[in-house]
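Chain by chain, the residues run as shown.
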There are 2 protein chains.
Amino acid sequence: MGFPETFKALSDPVRREILILLKDKKLSAGDIGKHFDMTGATISYHLSQLKKAGLLFETKYKNLHLLRN
Amino acid sequence: MGFPETFKALSDPVRREILILLKDKKLSAGDIGKHFDMTGATISYHLSQLKKAGLLFETKYKNLHLLRN
DNA sequence: TTTCTATTTAGAAATTTTTCTAAATAGATA
DNA sequence: TATCTATTTAGAAAAATTTCTAAATAGAAA
């Protein structure tokens, strides 16, 4: 995750747009995809680049049952 | 010369290295080339990219005759 | 001016990146 | 569990970028 890799990840306009979309809200891969005229596979590729560069986290909302405690 | 173009120009490691070389001294295209294992044509290409992005100036030391005034 | 050296340009080859399709996997819902 | 939807992976195609060679141009020096 050095500087050149980070720079490379940021050098693509689609990936910069994705980061902007995620600035203030969490979005699923599918919701991100709706903002672009690309296949889900391509979106997935860009997300993987951003993750590799450490510019993106993944929060899993599993099928949790919330319980009163 | 917008942001995306500037970013793109900076996204290449060779071009970043060229900018670092030029940080504190003026160098000819040939002298820049000596730092890399590339042909002069390739260096010229990178210099043109940097110029296009406005990240580089060109100072011409023409065959001037300095005169006392 | 003529010649020598440096740089740029044109066009092709090589490499890298982006994108897609199809298939596989993962996750959610009935 | 079985099925439906979402996401990822694999591999190929398309597009963009980097690099080279050869030729042209520009600049400097004799």
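Being a predicted model, the structure only gives us computed values, none of them experimental.

## A look at the environment of Lys52(A)
All names here are of chain A.
- Looking at the element boundaries, Lys52 is found in helix 4 (residues 40-52).
- Taking relative accessible area as the criterion, Lys52 reaches 61% and is therefore assigned exposed.
- Considered as a pair, Lys52 and Thr6 are 46 residues apart in the sequence and their alpha carbons are 8.7 Å apart.

## Some remarks on the interface of chain B and chain A
- Taken together, the six residues of chain B in the interface contact six residues of chain A.
- Summed over both partners, the interface of chain B with chain A comes to about 590 Å²; 70% of that surface belongs to carbon and sulfur atoms.
- By the criterion of area lost to chain A, the three top residues of chain B are Phe7(B), Ser11(B) and Arg16(B), representing 73% of everything that side buries.
- Counting across the chain B and chain A interface gives zero salt bridges.

## Concerning the packing of helix 2 (residues 13-21) of chain A against helix 4 of chain A
All names here are of chain A.
- As a packed pair, helix 2 and helix 4 sit with axes 10 Å apart at the nearest point and diverge in direction by 75°. When the interaxial angle is binned, helix 2 and helix 4 end up roughly perpendicular. Contacts between helix 2 and helix 4 involve Val14, Arg15, Ile18 and Leu19 from the former and Tyr45, His46, Leu47, Gln49 and Leu50 from the latter.
- Of the residues contributing to the contact of helix 2 with helix 4, the split by class is six nonpolar, two polar and one charged.

## Comments concerning the protein's contact with DNA strand C
- Looking at DNA strand C, there are 20 residues lining it, with Lys8(A), Thr42(A), Tyr45(A), His46(A) and Gly30(B) nearest.
- The sugar and phosphate moieties of DNA strand C supply 73% of its atoms located within 4 Å of the protein.
- The separation between a phosphate oxygen of DNA strand C and a polar side-chain atom of Arg15(A) is 3.2 Å.
- Side-chain polar atom of Ser28(B) to a phosphate oxygen of DNA strand C: 3.5 Å apart, as the coordinates give it.
- Broken down by secondary-structure element, the contributors of at least two residues to the surface near DNA strand C are helix 4 of chain A together with helix 3 (29-33) and helix 4 (40-52) of chain B.
- When the residues that make up the surface near DNA strand C are grouped by side-chain class, the tally is six nonpolar, eight polar and six charged.

## Notes on the protein's contact with DNA strand D
- Lining the immediate surroundings of DNA strand D are 18 residues, of which Gly30(A), Lys8(B), Thr42(B), Tyr45(B) and His46(B) lie closest.
- Among all atoms of DNA strand D positioned within 4 Å of the protein, those belonging to sugar or phosphate total 74%.
- For DNA strand D, a phosphate oxygen lies 3.1 Å from a polar atom in the side chain of Ser44(A).
- Note that a phosphate oxygen of DNA strand D is positioned 2.7 Å from one of the side-chain N or O atoms of Tyr45(B).

## Thoughts on helix 2 (residues 13-21) of chain B
- Every buried residue of helix 2 of chain B is accounted for by Val14(B), Arg15(B), Arg16(B), Ile18(B) and Leu21(B).
- Looking at the packing, one finds that the buried side of helix 2 of chain B touches helix 1 (3-10) of chain A together with helix 1 (3-10), helix 3 and helix 4 of chain B.
- Looking at where helix 2 of chain B begins, the residue whose side-chain oxygen comes 2.8 Å from the main-chain nitrogen of Val14(B) is Asp12(B).

## Let's talk about the side chain of Gln49(A)
- Here Gln49(A) is to be found in helix 4.
- Apart from residues no more than four positions distant in its own chain, Gln49(A) is found in contact with Ala9(A) and Arg15(A).

## Re the relation of the copies chain B and chain A
- By a simple turn and slide, chain B fits onto chain A: the slide is 0.0 Å along the axis, the RMSD is 0.0 Å, and the turn is 180°. Both chain copies can therefore be described as sitting about a two-fold axis. When C-alpha positions in chain B are compared against the rotation axis, the closest is assigned to Ser11(B), at 3.1 Å.
- In this assembly, 100% of the residues forming the interface of chain B have copies in chain A that are likewise at the interface, indicating an isologous arrangement.

About the criteria used
Along every chain, residues carry numbers that run from 1 in the direction the sequence is written. Whichever chain is written first is A, and whichever ligand is written first is 1; the rest continue in order. Owing to the predicted nature of the model, reporting of local features is limited to residues with pLDDT of at least 70; listing and counting of side-chain atom pairs is limited to 80 or more, with chain, interface and lining totals taken over all residues. Heavy atoms from the whole structure form the basis of all side-chain values; hydrogens and water molecules are not counted. Numbered from the N terminus, helices here are DSSP runs of H or I no shorter than four residues, and strands are runs of E no shorter than two. To sort residues, take the accessible area from a 1.4 Å probe on protein chains only and compare it with the maximum for the residue type: under 20% means buried, over 50% means exposed, and anything in between is partly exposed. We call two residues contacting when some pair of their heavy atoms lies within 4.5 Å. Summed over both partners, the accessible surface that disappears when two parts come together, traced with a 1.4 Å probe, is what is meant by buried area. Counted as salt bridges are all cases of a side-chain nitrogen of Lys or Arg within 4 Å of a carboxyl oxygen of Asp or Glu. Axes, fitted as lines to C-alpha atoms, cover a helix only where it is in contact. Angles between the N-to-C directions of the axes lie from 0 to 180 degrees. Under this scheme an angle from 65 to 115 degrees is roughly perpendicular, one under 35 degrees roughly parallel, and one over 145 degrees roughly antiparallel; angles in between are oblique. Amino acid classes used here: Ala, Val, Leu, Ile, Met, Phe, Trp, Tyr, Cys and Pro are nonpolar; Asp, Glu, Lys and Arg are charged; the rest, including Gly, are polar. Residues are counted as near a molecule or strand when any one of their heavy atoms sits within 4 Å of it. Polar contacts here mean pairs of N or O atoms no more than 3.5 Å apart (in protein, one a potential hydrogen donor and the other a potential acceptor; neighbouring residues in sequence count only if both atoms are side-chain atoms). The copies were overlaid by least squares, fitting only the C-alpha atoms of residues that reach a pLDDT of 70 or more in each copy.

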